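Structural overview for review
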Amino acid sequence: MLKIPVQRRRLLGAGAALAATALAGCAGMSSGPSIGRVVVVGGGYGGATAARYLKLWGGNVDVTLVERNADFVSCPISNLVLGGYQRMADITRGYDALKAVGVKVLRGEVTAIDVPGRKLRLAGGGELSYDRLVLSPGIDFMPEQIGGLPSALDSERVFHAWKAGPQTVALRQRIEAMPDGGVFAMFIPKSPYRCPPGPYERACVVASYLKTAKPRSKVLVLDANPEIQSKKGLFEKSFKELYSANLEYRPNAELKELTPTLAKLDFEDVKADVLNVIPPQRAGDLARSAGLITVNNRWVGVNWLTMEATAAPGIHVLGDATFSAPGMPKSGHMANQHAKVSAAAIIQLLKGEAVNATPVVMNTCYSFVSGSEAMHVASVHQYDAADKTFKTVPGSGGVSAAASQMEGRYALSWAQNIWADSLAL
Ligand SMILES: Cc1cc2nc3c(=O)[nH]c(=O)nc-3n(C[C@H](O)[C@H](O)[C@H](O)COP(=O)(O)OP(=O)(O)OC[C@H]3O[C@@H](n4cnc5c(N)ncnc54)[C@H](O)[C@@H]3O)c2cc1C
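Residues numbered from 1 in each chain as written. Predicted model: local features only at pLDDT ≥ 70, side-chain atom pairs only at ≥ 80, totals over all residues. Heavy atoms only, no water.

1. Examining the sheet that holds strand E8 (residues 127–129)
The cut-off we apply is this: For two strands to be treated as a pair, DSSP must find no fewer than two bridges joining them. To qualify as a helix, a DSSP run of H or I must reach at least 4 residues; to qualify as a strand, a run of E must reach at least 2; elements of each kind are numbered from the N terminus. Orientation is described by lines fitted to C-alpha atoms, with helices fitted over the stretch in contact, and by angles between N-to-C directions that extend from 0 to 180 degrees.
In space, the three strands of this open sheet follow the order E6-E7-E8, with antiparallel pairing throughout. Strands at the two margins of the open sheet, each flanked by one partner only, are strand E6 (110–114) and E8. Taking each pair of neighbouring strands and ignoring which way they run, the sheet shows an average axis angle of 20°. In the sheet, strand E7 (residues 119–122) pairs with E8 via three bridges, with the strands oriented antiparallel. Along E8, the bridge assignment pairs Leu-120 with Leu-128.

In structure tokens form, the structure reads like this:
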């Protein structure tokens, strides 16, 4: 079992530092009357960070975080759980530290938003009023796009494990129970989806486990896209050099239908012992029911200076639910950065001040190719006032030369640090 090092690395700072500079005058302010009530829905990467930074930078903002789950369970590093290299406890953290910094954490399900009335309804009947609302609901699936998928998911014949939690545990159990000589088939939806390199990381990590635990078994990667969507050359190298004997990758292989015995593609049928279907995705249900989806019937268009939904100024939408700016990935790191832009803007708006007109955000995304070796891709994104969107800064970031054990240790440190940053640990 790999141990996650606690070493602090300064990878998360860019967005924070820039926004904090703009707010230098209010750091540490905690006395006096509240400058406003902010409710944050969703205690994942975006929402938890927003709640924390509203307290850190605003001091006297009244912040309530509503989250349906008891704990934060991280999708990043969850592929290592599927490979047996980490445990669920390693990727699970509580919300107590956020409470300790003054965030009111409410466990509950938000069922509806009354946009003009500035209040939201909770399952069980309660209501919460707000001056500004932050929504980071993540993704929900569109299983109806694939014949037979809704019932296959309901009956637990297939698993997505694309939201970490019980699905991760169930998929790991299936992989462990698979006979030696069995086939693990993974289906990747067309982009855009949450975490572009995530499926290829999963393929490698599962293949790594099978290579030693069930050496006659095989990973079959069926990708609806024409090619690998992130870190292409590096993943191709890993597929070839590490897993040529037990991993097969097929592009342009879109899943059309699931029957009780077969996965049907356009030109062939696939039989497998374990089926991992990552369904097509859209912004979370709450964004849809609140009428915030404005792009391609799937994503929330936002004003990137404040992260407010174009359909409802006053509601700030973060993370995977947004229609991404060009070159901007749907990642936990990026949701964390969206949160900092929104927290800074909310405090300034509540105080009647101008928001930062030149925000900069960054992303680093590590992928494991075995239980211990990883590689990264990084990028910096600057707001472009003419086109009103973030654009990748030319020459910024880049990718690893090769996967390595050293980057494996960095990847685990990155996880520790972003959990600490988001959850005030
Ligand atoms: C296998 C995998 C590996 C990944 N690896 C990486 C990685 O290495 N690096 C990286 O940066 N990103 C990675 N990601 C992507 C990352 O997990 C997401 O981009 C990130 O979680 C997005 O943050 P979010 O706040 O938008 O959504 P989430 O983190 O999913 O948070 C949404 C939260 O909202 C809550 N919620 C939703 N609706 C309601 C409601 N109505 N009421 C109450 N609560 C609600 C949910 O319970 C959830 O806690 C990975 C993803 C996967 C699947």
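From this point, the discussion proceeds with the structure in view.
2. Digging into unusual backbone geometry
Excluding glycine, a negative phi dihedral is what most residues carry, and trans is how most peptide bonds are arranged. This is how the line gets drawn: Only protein chains enter the accessibility calculation, which uses a 1.4 Å probe; a residue whose area is less than 20% of its type maximum is buried, one above 50% is exposed, and one in between is partly exposed.
Residue Pro-192 is reached from Ser-191 by a cis peptide bond, and omega for that bond is 0°. Inspection of the secondary structure puts Pro-192 in the loop between strand E11 (183–188) and helix H7 (198–213). Even without glycine at this site, Arg-118 takes up a positive phi of about 50°. Residue class for Arg-118 comes out partly exposed when judged on its relative accessible area of 41%. Residue Ala-424 is not a glycine yet carries a positive backbone phi of 60°. Structurally, Ala-424 is set in the segment after helix H11 (405–423).

3. Things to note about the environment of Val-341
The cut-off we apply is this: Working rule for contacts: check all heavy atoms of both residues, and any pair within 4.5 Å makes them a contact.
By secondary structure assignment, the location of Val-341 is in helix H10 (residues 332–350). Here the alpha-carbon distance between Val-341 and Gly-182, two residues 159 residues apart in the chain, equals 47 Å. Ignoring any residue separated from it by four or fewer positions in sequence, one finds Val-341 in contact with Trp-304, Leu-305, Met-307, Pro-359 and Val-361.

4. Side note on the packing of helix H2 (residues 45–58) against H11
Threshold: Working rule for angles: under 35 degrees goes down as roughly parallel, over 145 as roughly antiparallel, 65 to 115 as roughly perpendicular, anything else as oblique. Classification used: nonpolar for Ala, Val, Leu, Ile, Met, Phe, Trp, Tyr, Cys and Pro, charged for Asp, Glu, Lys and Arg, polar for all others including Gly.
Where H2 meets H11, the closest approach of the two axes is 7 Å, and the angle between their N-to-C directions is 55°. Considering their axes alone, H2 and H11 lie oblique with respect to each other. Contacts between H2 and H11 involve Tyr-45, Ala-48, Thr-49, Arg-52 and Tyr-53 from the first element and Ile-418, Trp-419, Ala-420, Asp-421, Ser-422 and Leu-423 from the second. Looking at side-chain class alone, the contact of H2 with H11 contains seven nonpolar, two polar and two charged residues.

5. Observations regarding the side chain of Ser-78
One can find Ser-78 in helix H3 (residues 78–82). Overall, Ser-78 belongs to the buried group, its relative accessible area being 4%. Not counting residues within four places of it along the chain, the set of residues in contact with Ser-78 comprises Ile-91, Ala-164 and Thr-168.

6. Here's the deal with the packing of aromatic side chains
As a reminder of what qualifies: Two aromatic rings from Phe, Tyr or Trp, using only the six-membered ring of Trp, form a pair when their centres are within 6.5 Å; if the ring planes differ by under 30 degrees the pair is stacked, by over 60 it is edge-to-face, and anything between is tilted.
Under the criterion given, the structure shown has eight aromatic pairs. Aromatic side chains Phe-239 and Tyr-249 sit 5.9 Å apart centroid to centroid with 40° between the ring planes, which places their arrangement in the tilted category. Within this pair, whereas Phe-239 is found in helix H8 (residues 232–243), its partner Tyr-249 is found in strand E13 (residues 247–250), the two being separated by 10 residues in sequence. No difference in accessibility class separates Phe-239 from Tyr-249, as the two residues are buried. An aromatic cluster of three or more residues is present, and its members are Tyr-200, Phe-235, Phe-239 and Tyr-249.

7. Concerning the site of the ligand
Heads up, the condition is: We call a residue near a given molecule or strand whenever any one of its heavy atoms falls within 4 Å of it. Polar contact is the term for a pair of N or O atoms within 3.5 Å; when the atoms are in protein, one must be able to donate a hydrogen and the other to accept it, and sequence-neighboring residues count only if both atoms are side-chain atoms. Using a 1.4 Å probe, accessible areas were evaluated by the Shrake-Rupley method; residue-level cover was limited to the displayed protein chains.
Inspection of the region around the ligand gives 32 residues, with Gly-46, Glu-67, Ser-136, Arg-194 and Asp-320 positioned closest. At 3.4 Å, a backbone N or O of Tyr-366 approaches an oxygen atom of the ligand. Here the ligand, which alone exposes 1,000 Å², has 93% of that area covered by the protein. The biggest single contributor to the shell around the ligand is H10, with three residues. Looking at the shell around the ligand residue by residue, the classes come out as 12 nonpolar, 13 polar and seven charged.

8. Section: the sheet that holds E11
Paired through backbone hydrogen bonds, the strands of a sheet run either parallel or antiparallel to each other. Strand order in the open sheet formed by four strands is E13-E12-E11-E17, and the pairing between neighbours is parallel. This sheet does not close on itself; its edge strands, each paired only once, are E13 and strand E17 (274–277). Here the strands of the sheet are splayed against their neighbours by 15° on average, with no regard to which way each runs. Along the sheet, helix H6 (residues 166–177) contacts E11 and E17; its crossing angle with E17, the most-contacted strand, is approximately 150°.

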